[in-house]
Amino acid sequence: MTVKEKNMNGTDTRVSGADALLRCLIEEGVDTIFGYPGGTIMPVYDKLLDYSQSLRHILTRHEQGAAHAAQAYAMVTGKPGVCFATSGPGATNLVTGIANAFLDSVPVVFITAQVVSGLIGTDAFQETDILGISMPVTKWNAQVKKAEDIPSAIARAFYIARSGRPGPVLVDIAKDAQVEKLSYSYSKCTYIRSYNPVIPLHMRDVESAAVMINHAEKPLILAGHGVTISGATEELKALAVKGGIPVAVTLLGLPAFPQGHRLYAGLLGMHGNYAPNMLTNSADLIIAVGMRFDDRVTGNIKKYAPDARIIHIEIDKAEINKNVQVDLEINNDAREVLTALLPLVREKSRENWIREFRILDRIEYEKVIRPETEPEEGDIRMGEVVSLVSELTGGNAVVVTDVGQHQMAVARYYRFNEKSTLVTSGGMGTMGFGLPACLGAACGNPGKPVVSFIGDGGFQMTLQELGTLMQYRIPVKILILNNGFLGMVRQWQEMFFNRRYASTEMVNPDFVAIAGAYGIAAQRVSRREELRDAVKKMLEAEGPYILETAISREANILPMVEPGASVSEVTLTY
Amino acid sequence: MIKQEYTISLFTEDHIGILSRITLILTRRQINIESITASESAVSGIQMLTMVVRTTPEMVNKVARQIEKLVDVIKVFVHTSTEIISQEIALYKVSTKGLMSGSMIDNLVRKYHARILEVTPEYIVVEKSGSKNEITDLLAFLEPCGVLQFTRSGRIAVTRQVKELNAYLKEMDEIGRPSHEPSEIYN
Ligand SMILES: Cc1ncc(C[n+]2csc(CCOP(=O)(O)OP(=O)(O)O)c2C)c(N)n1
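Think of each chain on its own: its residues are numbered from 1, step by step along the sequence as written. Labels are handed out in written order, letters beginning with A for the chains and numbers beginning with 1 for the ligands. Thresholds applied to this predicted model are a pLDDT of at least 70 for local features of residues and 80 or more for the giving and counting of side-chain atom pairs; totals over whole chains, interfaces and linings are not thresholded and use all residues. Note that water and hydrogens are dropped before the side-chain values are worked out from all heavy atoms of the structure.

(A) Up close: the overall build of chain A. Secondary structure counts use DSSP, requiring at least four H or I residues in a row for a helix and at least two E residues in a row for a strand, with both numbered from the N terminus. A count of helices and strands for chain A gives 24 helices and 20 strands. We compute the radius of gyration from the C-alpha atoms alone; for a globule the expected value is 2.2 Å times N to the 0.38, where N is the number of residues. Since a compact globule built from 574 residues should have a radius of gyration of about 25 Å, the 25 Å found for chain A is in line with a globular shape. Dimensions along the principal axes, computed over C-alpha positions, put chain A at roughly 85 × 60 × 40 Å. Between two residues, a contact is recorded if the distance between any of their heavy atoms is within 4.5 Å. Long-range contacts, defined here as pairs at least 24 residues apart, represent 76% of the contacts in chain A between residues at least 6 apart. When charges are tallied, Lys and Arg are placed among the positive residues and Asp and Glu among the negative ones, while His and the ends of the chain are skipped. By convention, charge coordinates are those of NZ in Lys, CZ in Arg, CG in Asp, or CD in Glu. Averaged over its 56 positive side-chain charges, chain A has a centre that lies 2 Å from the centre of its 63 negative ones.

Following this line, the structure appears as structure tokens:
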């Protein structure tokens, strides 16, 4: 239909590709978009003004920030995050954020603009092959060159991102397709022939699992991110309680099981708790739920769980038998499997087995936890800051971290429970994640405070996002744990490179003054006596707030399963 | 663990980029693709890829699962050579002078079951289909007469198993297809 025709009869229902895109997003329940504009995506941004009632756009200060923010938004809301970027450098700036969401199985729909379709493949100005670049780090991606293909591509994108094992997807839309008109209609995608996230449950496997559990004397549950993704925390608790089975968690699985619970066994892995690492190698049965036996969890795989049979409950079949060979695979959704398993599991108390954990807990408490969380003298320790925040928030917070020692301190000393949400970069360990992630989390209106712990190094990787906090008055509470070092790398240098501190010491700026320049309230503490009041003040503040804490410069995170060591060869003190 | 030869046959939707995604998985695991053939399958709209790789039994299963996980991949089968019926085809361009000597030509047809496609005063083009070994044997046989060009196709294979792709498609449809298609159309 031509413009002329439209003017004559006035009944044109055709809209531009950009318009259609935004309508599709609204259909999918999107209310917030994180992004950054540029030449090729301008038609979409222009249309955003017409939909400002239903779509809020948060302009970050870098596309990486938009990507992390969208991921965090997804993690607190349970809805896919949405992120816009322009072609070329805009798209490539997303890559770290896409990869981060990919490794942690978070649904984010990335929309990148592309040069006009006729120029694709010619090295046109700001053309990059983002489809090719993002291929290894997206669950799915596609390019759209015609406006009429936009609705179906977006529908697929959302369906794929959120179903099965969730993950990021990318749709690259040529500029002319954003401008071109189409007759708009939308139907959500509910089925793709080559992709079947719904797997029929084989009861026979569930029955076998029950037999293995009922016969085990020392079973141990390993709970991962899949437990919270599938909404199986209640089912997991019921199973653990009924079977008297201790539950250890991975980093992203921390909120999967309440830490106050008598069956909570602790955090697994390199800087995890003493008992679950040691006792992995005593267990006679491991029940892994929604986790993938990452090397940071297993330590030396050749010496991993030698006495245990392994049941792996996992929605992603490719994760099963990838790192460890299992005895029983149940390739399905965690919640569905646990629900079916519960009635078949016999009630047991397994007190002797649980006592083994408590004995090791005691040792860890005396040697590591108490000195870290209740020191009486010396510089402030990360552990005491984290446990103070934990106490003052009662676990009722969205806890965001960056990457490094402070991240491990949070994982170890924040007491997660049913009210807590954790947003951290697990699989990728992306420094610079914390600041944009906390603003994205807060945009999801979690109904609880958003508290972010960030190292002095990581903070400076994405500190431009303070501009975003300022512009939108996003009420996040940021603790900069400042040890003047790239702490985690320094720790490795101390332990494995003869204390040769190659490029890990940092001359830092005045963080309080930087906050001030952005109009953000801030305070610095360096004395233990001031800490409690300072944290209280931060938590009570209305808007964004930064609390910089001077931390002991050369403290180490312990225990540690050193590289190459077995999980039962934990280093407790160094 | 010992490496051995596997034929990976897989069925995909006919989507741009899917081949890249598949080869990325093999590249990350340092698996070389010895041959690859893409074609239509018996079901219209569905592509079939046949790849020959050498790797361990453990690894071939890992990559097969990773490939099958790709959104546009429908089904992946891994077979050892005994489980399939496979053929390759090769073309040999040989100098006419060399080939005309002795009983070469006779043997070519009788012993090696090859076909002659084109004869000129300078060269003769010979075609042979068969197993990889048969094709290599013929190459060795022709070598003394001067092989000017040689090319071999990737492997094509059908399986001995009875259950066909259509049956899998039907099964997948039954599991996955929602009981009612959403009817809302928005304007
Ligand atoms: C983008 C990126 N670059 C490098 C690293 C390697 N790395 C891991 S932890 C770390 C040090 C982090 O230092 P800081 O942010 O000060 O936190 P701390 O360990 O002191 O708590 C580095 C450099 C990384 N994880 N991410």
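(B) Local environment of the environment of Asp 333 of chain A. Residues and elements named next belong to chain A. Along the chain, Asp 333 turns up in the loop between β14 (328-330) and α15 (334-341). Excluding its chain neighbours within four sequence positions, the residues that come into contact with Asp 333 are Ser 230 and Ile 315. The term polar contact refers here to a pair of N or O atoms within 3.5 Å; inside protein, the definition further demands a hydrogen-donor-capable atom paired with an acceptor-capable atom, and it admits residues adjacent in sequence only when both atoms are side-chain atoms. A polar atom in the side chain of Asp 333 sits 3.2 Å from the backbone nitrogen of Glu 336.

(C) Representation of the site of the ligand. Residues and elements named next belong to chain A. Here, proximity means that at least one heavy atom of the residue falls within 4 Å of the molecule or strand. Taken together, 18 residues sit near the ligand, with Gln 405, His 406, Gly 429, Gly 458 and Gly 487 positioned nearest. The contact in question runs from an oxygen atom of the ligand to an N or O atom on the backbone of Gly 457, over 2.9 Å. Between the ligand and Gly 487 there is a distance of 2.9 Å, counted from an oxygen atom to a backbone nitrogen or oxygen. Using a 1.4 Å probe, the Shrake-Rupley method yields the accessible areas, and only the shown protein chains count as cover for residues. Compared with its free state, where it exposes 590 Å², the ligand has 76% of that area covered by protein. Of all the elements in the fold, those that place two or more residues in the shell around the ligand are α18 (405-413), α20 (456-459) and α22 (487-496). Each residue is assigned to one class: nonpolar for Ala, Val, Leu, Ile, Met, Phe, Trp, Tyr, Cys and Pro, charged for Asp, Glu, Lys and Arg, and polar for all the others, Gly among them. Counted by class, the shell around the ligand contains eight nonpolar, nine polar and one charged residues.

(D) Highlighting the pairing of strand β1 (residues 4-13) of chain B. Residues and elements named next belong to chain B. Three exposure classes are used, based on accessible area relative to the maximum for each residue type with a 1.4 Å probe and protein chains only: buried under 20%, partly exposed in between, and exposed over 50%. Counting buried positions along β1 yields nine of ten residues, so the element is predominantly enclosed. What makes two strands pair is DSSP finding at least two bridges between them. Two elements, β1 and strand β3 (residues 46-55), share ten bridges in a ladder whose sense is antiparallel. When the sheet's bridge partners are listed, Gln 4 is paired in β3 with Thr 55. With six bridges joining them, β1 and strand β4 (residues 73-79) adopt antiparallel strand pairing. Bridging from a neighbouring strand, Ser 9 pairs with Phe 77 of β4.

(E) Local environment of the domain arrangement of chain B. Here the domain parsing of chain B yields domain 1 (4-79 + 160-186) and domain 2 (85-152). The split of the chain into domains comes from an automatic or database domain assignment. Averaged C-alpha coordinates put domain 1 of chain B and domain 2 of chain B at centres separated by 35 Å.

(F) Expanded view of the sheet that holds strand β5 (residues 108-114) of chain A. Residue and element names in this part refer to chain A. What the six strands build is an open sheet, ordered β3-β2-β4-β5-β7-β6; its pairing is parallel. Every interior strand has two partners, whereas the edge strands, β3 (56-59) and β6 (140-144), have only one. Each strand axis lies, on average, 20° off the axis of its neighbour in the sheet, ignoring direction. Note that β5 and strand β7 (residues 169-174) share six bridges and pair parallel. Bridge pairing links Ile 111 to Val 171 in β7. An axis is simply a line fitted to the C-alpha atoms; with a helix, the fit covers only the stretch in contact. Between two such axes, the angle follows the N-to-C directions and lies from 0 to 180 degrees.

(G) View of the sheet that holds strand β10 (residues 247-249) of chain A. Residues and elements named next belong to chain A. Judged by pairing direction, the sheet is parallel, and its six strands sit side by side in the order β11-β10-β9-β12-β13-β14 without closing on themselves. Lying at the two open borders of the sheet, with one neighbouring strand each, are β11 (264-267) and β14. Each adjacent strand pair in this sheet contributes to an overall mean axis angle of 20°, direction not counted. With three bridges connecting them, β10 and β11 associate as parallel partners. Counted as the bridge partner of Val 249 is Leu 267 from β11.

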